[in-house]
Amino acid sequence: MLNAAARDVAFACEAWLVALRVKRMLAVRGLAESVAWAETVSVAALREMDNDVACRMGRVVNLTCRFCVMSSTCLTRSLTLKRLFTRRGVP
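Q: Teacher, can you tell me more about the confidence of the model for the protein here?
A: In this model, the protein carries an average pLDDT of 85, and 91% of its residues clear a pLDDT of 70 or more. Looking over the protein, one finds the lowest element-wise mean pLDDT in helix α3 (residues 51-68), namely 86, and the highest in helix α2 (residues 31-39), namely 91.

Q: How should the nonpolar core be read in this particular structure?
A: As a rule of thumb, nonpolar side chains are buried together in soluble globular proteins. Counting residues in hydrophobic clusters, the biggest one holds 18 residues, and the most contacted among them are Phe 11, Trp 37, Met 57, Val 61, Leu 84 and Phe 85. Breaking this core down by element, the ones donating at least two residues are α1 (4-28), α2, α3 and α4 (74-87). Among the elements that line this core, the one with the most residues is α1, at 6 residues. With residues near it in sequence (within four places) discarded, Phe 11 still touches Met 57, Val 60, Val 61, Leu 84 and Arg 88.

Q: What's the story with the packing of α1 against α2 in this structure? I'm lost.
A: At a closest axis distance of 8 Å, the pairing of α1 and α2 adopts a crossing angle of 150°. Between α1 and α2, the angle falls in the class roughly antiparallel. Where α1 approaches α2, its residues Val 18, Arg 21, Val 22, Met 25 and Leu 26 are matched on the opposing element by Leu 31, Glu 33, Ser 34 and Trp 37. Per-class residue counts for the contact of α1 with α2 are 6 nonpolar, 1 polar and 2 charged.

Q: Help me out: how do you make sense of α4 in this one?
A: For an α-helix, 3.6 residues make a turn, and residues three or four places apart therefore share a direction. Helix length check: α4, at 14 residues, gives a terminal C-alpha distance of 20 Å against a target of 20 Å (1.5 Å per residue), a fit within 8%. Buried within α4 are the following residues: Thr 76, Leu 79, Thr 80, Leu 81, Arg 83, Leu 84, Phe 85 and Thr 86. Residues of α4 that are buried make contact with α1, α2 and α3. Looking one or two residues past α4, Gly 89 carries a phi angle of roughly 80°, positive in sign.

So, how was this worked out
- Residues numbered from 1 in each chain as written.
- Predicted model: local features only at pLDDT ≥ 70, side-chain atom pairs only at ≥ 80, totals over all residues.
- Heavy atoms only, no water.
- pLDDT = per-residue confidence, 0-100.
- Helix = DSSP H or I, 4+ residues; strand = E, 2+ residues; numbered from the N terminus.
- Core = buried A, V, L, I, M, F, W, Y, C linked by side-chain atoms within 4.5 Å.
- Buried < 20%, exposed > 50% of the residue type's maximum accessible area, 1.4 Å probe, protein only.
- Contact = heavy atoms within 4.5 Å.
- Axes fitted to C-alpha atoms, helices over the stretch in contact; angles between N-to-C directions.
- Parallel < 35°, antiparallel > 145°, perpendicular 65-115°, else oblique.
- Nonpolar A, V, L, I, M, F, W, Y, C, P; charged D, E, K, R; others polar.
- Expected span 1.5 Å × (residues − 1).

See the structure below:
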């Protein structure tokens, strides 16, 4: 099992890739398609997430987008986090 720091690094890498995809989609496809993409992920079942874990994910996405994705906006960060939560079955 990975420790918290290793999980954060792995999650930051995933967040970086998703953020780059979000930025590209916003530029090419627009807001409506980007939001639809962020919300559409096939997940077997919805699940609950601990509030502390959700806050930690939000901080990692915020830091990743701030320092690793050029000119990231709050929209990019929000859609990135939405996509990552949806992937994990969190509504």
